[in-house]
Structure formats: C-alpha cells, structure tokens
Amino acid sequence: MNNIVKPVACKIREVRRESLHEYTFRVETDIRPSHGQFLQLSIPKVGEAPISVSSFGDGWMDFTIRSVGKVTDEIFEKQPGDILFLRGAYGKGWPVEQFQGKHMVVITGGTGLAPVKSMLNMFWNQEDFVKSVHLISGFKNEDGIIFRNDLERWKEKFTTTYALDTDHKDGWETGFVTEFVPGIPFKDFGEDYSVVVVGPPPMMKFTGLEVLNQGVPEEKIWMSFERRMSCAVGKCGHCRIDEVYVCLDGPVFNYTQAKYLVD
C-alpha cells in the first residue's frame, strides 16, 4: 500500500524567474496530477508548503512559487540539481470533463493564474475541446506579471484582457478585473459556458459577485481555494471551514459551495 503522506525526493531540473517575487521550479517526477491539484513541497528540518501545479508533462512538474515564508524562502535558495521533497498530488481539481464543449471564461488575479495554467494550455493545444476561451488576467503592477510568454501566446487563440491594477502598460488595461467582467458576452453563449475564478480572497469575492450581476447562475461558477492547508489529508484541521476540509473537498469548489468559503 502506498503511503500517501510520505515525501519523495525529486531533483530540480530548472529554475525560472517569473516576476519580482515569483519563480517557477521544474522538478523531475513521475507523479501525474490532475489540472488544479496541489502537492506538498518540503525541505527536511524546515517544513512544507502546499503549492499548486502550474504545468506538467512526462517526467516533470512545474511549481510557481511566491516567497511568503520560511519554507518558500528556503526553496528559493535551491538551484538546478538540488533536491525538493514532494508528496501528493492532493485535492479535487478542475472538472475538465464538464467544461468540454463549452465556452470558458477564466478570470485570474496575480498568482491565481498558476492553478489554471495547465488547463489553459490544454485548451490551447486541443482546439476543439472547448468552444472558446475568454481570459481576464490581472496583476497588481508590472513587476508582478507572471508567465509573460504564455500570456502572449494565448492571445493567438483566446480572447484576452490583461490588466494592471493601477500601472499603465502598452497593450494592457488599467483597473481591477471586476471592471472587465461586463465585457464578457455571456448572452451569446446560451447555456453552454462555465466560469473559473482564481486569485486572492477579496478578488474572488468581488469577481464572483460581479459575475452573478451579469446573470450567471451560481452553478456555472468555479473557484479554487488554498487556505491554511498543512497535512493535505484532512487530519490536522488547519484548512477546515465549518464542516468543509479544503484539502479534501477542494481546493476546487463550485460557487454553490464556494460562496460560503470566501472571506
């Protein structure tokens, strides 16, 4: 029987700087996650942190990490050839099968783009999987932009709106992502569409409300939460919100349930 909480030593293949505060670590591993799942990354005698998978392929997995504490600070000291310990994958990812054949609206804030990156790349590579993709991605400022090459590439096949909260940049909008939700042609989609929202809690709260204001039913909205997760197997209770364990029941939730989880 496999031990679901036993970390496995994995070699770092590549380290890429994404922004002022984020790096992507490509790790050699045979673990094959679902889109939207997360793993626990750890360093012995330091600790571990739950990190979403931003991309994956045969024999590798990408983690896009922001330095926010002791564990991530230590990870940022790692170089190609060094070892990271992984366990997982955990949680329920995006219901990709339900999205097939639909128009997709994906709205992200900051590093909230990471948990949807692999799914967006699947939509990009499999052109007939969904009918269309409308992507709104917002960042606090230009220093916080991640996945710059992907953002440019996605313009080729997706309808994109990229925005900075207050900064100005050629080809980009200025403003919060909520301001651009009314521009999504929901009425043209009929009933065949779904909405994905990922970002900081305030962004998800107000974006969800704005999507509802556009007449979108709750059951068509999906969100991802990574909140206070520690053990990832529902034993420690750190991620418990009322009767919900985010690590087990999520991190992806339909808005019919997510509306009770948003701060």
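Cut-offs used in this document
Residues numbered from 1 in each chain as written. Predicted model: local features only at pLDDT ≥ 70, side-chain atom pairs only at ≥ 80, totals over all residues. Heavy atoms only, no water. Helix = DSSP H or I, 4+ residues; strand = E, 2+ residues; numbered from the N terminus. Rg over C-alpha atoms; globule rule 2.2 N^0.38 Å. Buried < 20%, exposed > 50% of the residue type's maximum accessible area, 1.4 Å probe, protein only. Contact = heavy atoms within 4.5 Å. Areas by Shrake-Rupley, 256 points an atom, 1.4 Å probe, with all protein chains shown as cover. Lys, Arg positive; Asp, Glu negative; His and termini not counted. Charge placed at Lys NZ, Arg CZ, Asp CG, Glu CD. Phe/Tyr/Trp six-rings, centres within 6.5 Å; stacked < 30°, edge-to-face > 60°. Lys NZ or Arg CZ within 6 Å of the ring centre and 35° of its normal. Salt bridge = Lys/Arg side-chain N within 4 Å of Asp/Glu carboxyl O. Pairing = 2+ DSSP bridges. Axes fitted to C-alpha atoms, helices over the stretch in contact; angles between N-to-C directions. UniProt positions renumbered as here; feature names shortened; annotations may be inferred.

A. Summary view of the overall build of the chain. When its secondary structure is counted, the chain shows seven helices and 15 strands. Taken against the 2.2 N^0.38 rule, which gives 18 Å for 263 residues, the C-alpha radius of gyration of the chain at 18 Å falls within 12% of a compact globule. When its C-alpha atoms are laid out on the principal axes, the chain stretches across 50 × 45 × 35 Å. Residue burial in the chain is summarised as follows: out of 263 residues, 50% are buried. When contacts within the chain are restricted to residue pairs at least 6 apart in sequence, those whose partners lie at least 24 apart make up 70%. A total accessible area of about 12,500 Å² is found for the chain, and carbon and sulfur atoms account for 46% of it. Each charge class in the chain was averaged separately, 30 positive and 36 negative side chains, and the resulting centres sit 5 Å apart.

B. Structural context of the packing of aromatic side chains. Applying the stated criterion across every chain yields a total of 12 aromatic pairs. With 6.0 Å between their ring centres and 35° between their planes, phenylalanine 25 and phenylalanine 76 make a pair best called tilted. One end of the pair, phenylalanine 25, is in strand β2 (residues 22-28); the other, phenylalanine 76, is in the loop between α1 (70-75) and β6 (83-90), and 51 residues separate them in sequence. Plain terms: the ring middles of phenylalanine 186 and tyrosine 193 are 5.6 Å apart, the flat faces sit at 50° to each other, and that makes the pair tilted. Like tyrosine 193, phenylalanine 186 is buried. One aromatic cluster is present, formed by Tyr23, Phe25 and Phe76 through successive ring pairs. Positioned above the aromatic ring of tryptophan 60, the side-chain terminus of arginine 26 is 3.7 Å from the ring centre. One residue, arginine 153, lies across the ring of tryptophan 124, its end atom 4.6 Å from the ring centre.

C. Highlighting the pattern of salt bridges. All told, the structure shown has 16 salt bridges when counted by the stated rule. Of the charged contacts, one joins aspartate 150 and arginine 153 as a salt bridge, the two residues approaching to 2.5 Å between their closest N and O atoms. Here aspartate 150 and its partner arginine 153 are both found in helix α4 (residues 148-154), three residues apart, which amounts to about one turn of the helix. Residue classification places aspartate 150 among the buried residues on the basis of a relative accessible area of 14%. According to the relative accessible area criterion, arginine 153 is partly exposed, its value standing at 22%.

D. Summary view of the sheet that holds strand β7 (residues 103-109). Taken together, the seven strands give an open sheet; going across it, the order is β10-β9-β8-β7-β11-β12-β15, and neighbouring strands pair in mixed fashion. The two strands at the open ends of the sheet, each matched to only one other strand, are β10 (173-174) and β15 (252-254). Here β7 pairs with strand β11 (residues 193-198) via six bridges, running parallel. Along β11, the bridge assignment pairs threonine 108 with valine 198. Strand contacts of helix α5 (residues 201-213): β7, β11 and β12 (221-224), with the helix running at about 160° to β11, the strand carrying the most contacts.

E. Geometry of unusual backbone geometry. Each neighbour pair has its own omega, and for glycine 88 with alanine 89 the value is 10°, a cis peptide bond. Mapped onto the elements of the fold, alanine 89 is located in strand β6. Positive phi is not limited to glycine here, since lysine 45 has a value of about 70°. The residue lysine 45 is located in the loop between β3 (38-43) and β4 (47-57) in this model.

F. Structural view of the UniProt feature "domain: FAD-binding FR-type" (unreviewed entry) in the chain. As annotated by UniProt and renumbered to match this structure, "domain: FAD-binding FR-type" (unreviewed entry) occupies residues 5-96. A helix fraction of 8% and a strand fraction of 53% characterise residues 5-96, whose end C-alpha atoms lie 26 Å from each other.

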